[in-house]
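Residue strings, one per chain:
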Amino acid sequence: MTAHTLLNKILQKFRGGGAEGTLLRGAGSLVLLNPLSLVISFLVMSVLLTRVMTIESYGIYNVAMYYLQVFVLLALMGQDTSLMRFIPQYTVQSQWGFIKGIISKSIKNSQIVALSLTIILAAHIYLLSPRLGPEKTLTFFMTLTLISILSLTGIRESSLRSL
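Just so we're clear, the structure is a prediction, and the values are computed from it rather than from any experiment.

1. Describing the overall build of the protein chain
Here is step 1: Secondary structure assignment for the protein chain yields 6 helices and 0 strands.
Here is step 2: If you list the helices and strands of the protein chain from N to C, you get α-α-α-α-α-α.
Here is step 3: Relative to its full complement of 163 residues, the protein chain shows a buried share of 23%.
Here is step 4: For the protein chain, the proportion of contacts with a sequence separation of at least 24, taken over those separated by at least 6, is 64%.
Here is step 5: Carbon and sulfur atoms provide 71% of the accessible area of the protein chain, an area that totals close to 11500 Å².

Encoded structure:
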């Protein structure tokens, strides 16, 4: 088989409506979008933010993002890993009720922990606000709003990855 006929065969499957075409289109978009997202995130995070923000503001932003990642990990409580362990097992055994149950329970647990962390940390930031100053206080309060959202995103991402 020549390279030309192989390429035509792949393009024909790519344009087809079957499972192979869908898989090829999905893989193709993944191959194109992953490097593109890395380039965009590098340009935005490294180049644009360092040019727009002062040194102190960028440092505050980095500290807030670091703490955000730590608190999201605490809110997830390892449930993202357990979802990736149990959902494939339940899928193979066709136990759809268990899948629904483990996902809903994981969402509920992570949101309870995330909201508890947010309340405790908000009180802590409020008490420290005279020492932190207005810029740091506002940055940390805004960061707190993301704990619940990112923990929910982590649960959903793990659920989708494991299917």
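2. Observations regarding unusual backbone geometry
Here is step 1: Despite not being glycine, M77 has its phi angle at roughly 55°, a positive value.
Here is step 2: By secondary structure assignment, the location of M77 is in the loop between α3 (55-76) and α4 (79-92).
Here is step 3: Look at S94: it is not a glycine, yet its phi comes out positive at around 55°.
Here is step 4: Here S94 shows up in the loop between α4 and α5 (96-132).

3. Brief notes about the packing of aromatic side chains
Here is step 1: Scanning all chains against the criterion turns up 5 aromatic pairs.
Here is step 2: Geometrically, the ring pair formed by Y67 and F71 is stacked, given 6.2 Å between the ring centres and 20° between the ring planes. In this pair, Y67 and F71 both sit in helix α3, 4 residues apart, roughly one turn of the helix.
Here is step 3: Judged by relative accessible area, Y67 falls into the partly exposed class, the value being 40%.
Here is step 4: What makes F71 buried here is its relative accessible area of 18%.
Here is step 5: Feature note: the residues Y66, Y67 and F71 constitute an aromatic cluster, connected by ring pairs.

4. Here we look at the pattern of salt bridges
Here is step 1: Under the counting rule described, the total for this entry stands at 1 salt bridge.
Here is step 2: Across the pair R161 and E157 runs a salt bridge, and its minimum N-O distance is 3.1 Å. Here the residue R161 and the residue E157 both occupy positions in helix α6 (residues 134-162), the gap between them amounting to 4 residues, near one helical turn.
Here is step 3: Taking the relative accessible area as the measure of exposure, R161 reaches 58% and is therefore exposed.

5. A word on a nonpolar patch on the surface
Here is step 1: The grouping of L36, I40, V44, M45, L48 and V52 at the surface amounts to a nonpolar patch, some 520 Å² of accessible area in total.
Here is step 2: Counting through the fold element by element, M45 comes out in helix α2 (residues 19-52).
Here is step 3: Using a relative accessible area of 33% as the deciding quantity, one classes M45 as partly exposed.

Rules and cut-offs
Residues numbered from 1 in each chain as written. Predicted model: local features only at pLDDT ≥ 70, side-chain atom pairs only at ≥ 80, totals over all residues. Heavy atoms only, no water. Helix = DSSP H or I, 4+ residues; strand = E, 2+ residues; numbered from the N terminus. Buried < 20%, exposed > 50% of the residue type's maximum accessible area, 1.4 Å probe, protein only. Contact = heavy atoms within 4.5 Å. Areas by Shrake-Rupley, 256 points an atom, 1.4 Å probe, with all protein chains shown as cover. Phe/Tyr/Trp six-rings, centres within 6.5 Å; stacked < 30°, edge-to-face > 60°. Salt bridge = Lys/Arg side-chain N within 4 Å of Asp/Glu carboxyl O. Patch = residues over 30% accessible without salt bridge, like charges linked within 9 Å, V, L, I, M, F, W, Y side chains within 5 Å.

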